[in-house]
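# Geometric and topological summary
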Amino acid sequence: MLNYIWAGLIVSSFLFAIGNDASDLARDRYRNGQPLPVVLTFPQGYDSAARRVPVEIRIDPRQYATFYQTDPSVAPAASYPGYLLQTREGTQLRFAAGTTLPEPLATIGKVSSSRDQELQGRLVGPAPTASGVVFEPVRFVKLNGIAAAALDFAKTAAEIALGLVGVLSLFLGLLKIAEHAGIIYALVKLVRPVLRPLFPELPPDHPALGLIALNLTANCLGLGNAATPFGIKAMEELQKLNRSADTATNSMVMLLALNTAGVQLVPPVLLLGLLGLQINQLVFPIIGSGICGLIVAITMAKLLGRLPGYRASDPNR
Amino acid sequence: MNSIRAAIGLLSIFVVPLILVGFPLYGLYKRVPVYESFVEGAKEGFQVAVRIIPYLVAILFAIAMFRASGAMDFLARALAPVLGLIGFPPEVLPMAIIRPLTGSGSAGIVVDMIKQYGEDSILVKMAAVMFGSTETTFYVIAVYFGAINIRKTRHAVPVGLIADGAAMIIAVWTVRLLFG
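Residues numbered from 1 in each chain as written. Chains lettered and ligands numbered in written order. Predicted model: local features only at pLDDT ≥ 70, side-chain atom pairs only at ≥ 80, totals over all residues. Heavy atoms only, no water.

### As for the overall build of chain A
We apply this condition: Numbering of helices and strands starts at the N terminus; helices are DSSP runs of H or I of at least 4 residues and strands are runs of E of at least 2. Atoms counted for the radius of gyration: C-alpha only. Globule rule: 2.2 Å times the number of residues to the power 0.38. A contact between two residues is defined here by any heavy atoms of the two lying within 4.5 Å. Accessible areas in this description were obtained via Shrake-Rupley with a 1.4 Å probe; residue shielding takes into account the shown protein chains only.
A count of helices and strands for chain A gives 12 helices and seven strands. Expected size for 317 residues packed as a compact globule is a radius of gyration near 20 Å; at 30 Å, chain A overshoots this value by more than 25%. Principal-axis analysis of the C-alpha atoms gives chain A an extent of 90 × 40 × 40 Å. Counted over contacts in chain A with a minimum sequence separation of 6, partners at least 24 positions apart contribute 59%. On chain A, roughly 15300 Å² of surface is accessible, and the fraction owed to carbon and sulfur atoms is 61%.

In structure tokens, the structure reads:
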């Protein structure tokens, strides 16, 4: 299943990127090679021979809308700060770095930009007042975009994983003490009546049950950081009972089901931050939907595990 | 009701300190060499983190590409009429699609919806309850199965997604019932 979803994500992103880029090119969305009409205002007493002259760039909203065929609601601002630069290739017009530009200029700015991230283009028409500016041609934005996103998130993924090192070490260390002190076994006795039916494959006194209890408790209380090490440790215990190295057992799927259905007795900190005290009204709907999700998760884990295909792949069959 | 909530809130504040202090203290009482045990266990932290990297990279880069290509928006638009049949407003659909894939992405959707529809709107409430009652299924799968090198996940993905779907539909219905 994961094979198909994963390949599907990659293939469909490629097809969509290509499709979007082709339609952009066909519609000439970025008007490659054609001058965008601009009006330049110079400061008083400027030196026309200078290599660099500050200017104010005005773009008529109506001309902009017809030029790029955009919605009038994405109109450009009244004026933009910028400067003219004399280069060997001619006069360059640069928008000051950090200006917020309307689409599609913002996208063009990502491609046609100077070293300092300023949107830049070649000035055409009679200087110094000029009539238009031509940007570098923009092609295959989405295709570049998905490649950039992939590289970016590969880095993010490694950062997330390595960012867990400290918390993982802390809680795995505490768990080792708990194991040696017999806390886990005491917990197993406590939760056995509730959890045993969900994990019939486990021997009655198996330490995994205690770890699962810790994992679920931390999850319910919104302590995601503490819950993860407990869950991982529980998975390791389950893996010890697994006859296969790389195939999930029914117990593992059940533990995952309990974790993916997030019953949160305490609303997520993130929501609290976004919605403030309004969250109070939502606490019970959140708990209620979470419990429904949990019931569905347990039922589905049990039911799907009985399907012939999944039963055949069960390593503990 | 309020006292139950207050009790839960208090409990969640005390759980981590209780584990941090309680485990070593109980260990001492049981004459466990607590420092040595701690270090022995903590050693695994780095290996576990490194072990999940390939799984996390695989999942996250594919999802990032999917989002950057515009395919995710398309999927949301294509599914809207179908889900409208079960009372699912099209505005909260992006939430339903992105929630199992990325936690930060779905939080971004809540932020975006607050800007668009206002904090008090029923749509924001629906999205918030959906966010609160489900988990980032693919991330959880990558981390938990990655840590023990499980590659054949069997029915884990369908179970997680069906549970997410059920919780989300219930979330929409409940919010409509309470605030609609």
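Next comes the rest of the write-up.
### So, the side chain of serine 121 of chain B
Residue and element names in this part refer to chain B. In plain terms, the rule: We call a residue buried when its accessible area falls under 20% of the maximum for its residue type, exposed when it is over 50%, and partly exposed in between, using a 1.4 Å probe and counting protein chains only. For this analysis, a polar contact is any N or O atom pair within 3.5 Å, provided that within protein one partner can donate a hydrogen and the other can accept it, and provided that sequence-adjacent residues contribute only side-chain to side-chain pairs.
With respect to the helices, strands and loops of the structure, serine 121 is situated in the loop between α6 (103-117) and α7 (122-132). Using a relative accessible area of 17% as the deciding quantity, one classes serine 121 as buried. Of note is the side chain of serine 121, whose polar atom sits 3.2 Å from the backbone nitrogen of valine 124.

### What to know about the packing of aromatic side chains
Convention followed: Any two of the Phe, Tyr and Trp rings considered here, Trp counted by its six-membered ring, make a pair once their centres fall within 6.5 Å; the pair's planes then place it as stacked at under 30 degrees, edge-to-face at over 60, or tilted in between. Here, a charge over a ring means that NZ of Lys or CZ of Arg falls within 6 Å of the ring centre while also lying within 35 degrees of the ring normal.
Considering all chains together, one arrives at seven aromatic pairs over all chains under this definition. On the basis of an interplanar angle of 75 degrees and a centroid distance of 4.8 Å, the ring pair of phenylalanine 67 of chain A and tyrosine 68 of chain A is categorised as edge-to-face. Across the pair, tyrosine 68 of chain A and phenylalanine 67 of chain A agree in class, each one buried. Pairing tyrosine 26 of chain B with tyrosine 29 of chain B gives two aromatic rings, centres 6.0 Å apart and planes at 45 degrees, and the pair type is tilted. Taken together, the positions of tyrosine 26 of chain B and tyrosine 29 of chain B, both in helix α1 (residues 2-29) and three residues apart, correspond to about one turn of that helix. Residue class for tyrosine 29 of chain B comes out exposed when judged on its relative accessible area of 64%. Taking the ring centre of phenylalanine 179 of chain B as reference, the NZ or CZ of lysine 125 of chain B above it sits at 4.9 Å.

### Focus on the environment of serine 79 of chain A
Residues and elements named next belong to chain A. Looking at the element boundaries, serine 79 is found in the loop between α2 (61-68) and β4 (80-87). Measuring from C-alpha to C-alpha, the distance between serine 79 and serine 23 comes to 31 Å, with 56 residues separating the pair along the chain. Contact partners of serine 79, with chain neighbours within four places excluded, come to Glu56, Ile57 and Arg58.

### Focus: the packing of helix α5 (residues 165-181) of chain A against helix α2 (residues 34-42) of chain B
Our working rule: Every axis corresponds to a line fitted to the C-alpha atoms, with the helix fit spanning only the stretch in contact, and the corresponding angles, defined between N-to-C directions, vary from 0 to 180 degrees. Roughly parallel refers to an angle under 35 degrees, roughly antiparallel to one over 145, roughly perpendicular to one between 65 and 115, and oblique to any angle outside these ranges. By the definition used in this description, the sense in which the near helix is turned from the far one sets the handedness, with an anticlockwise turn below a right angle giving left-handed and a clockwise turn giving right-handed. Charged means Asp, Glu, Lys or Arg here, nonpolar means Ala, Val, Leu, Ile, Met, Phe, Trp, Tyr, Cys or Pro, and polar covers whatever is left, Gly included.
It is at 7 Å that the axes of α5 of chain A and α2 of chain B come closest, and there the two elements cross at 130 degrees. By the angle between their axes, α5 of chain A is oblique relative to α2 of chain B. Two packed elements cross with a definite hand, and for α5 of chain A against α2 of chain B that hand is right-handed. Seen from α5 of chain A, the contacting residues are Ser169, Leu170, Leu172, Gly173, Leu174, Lys176, Ile177 and His180 of chain A; seen from α2 of chain B, they are Val34, Ser37, Phe38, Glu40, Gly41 and Ala42 of chain B. Split into classes, the residues belonging to the contact of α5 of chain A with α2 of chain B amount to seven nonpolar, five polar and two charged.

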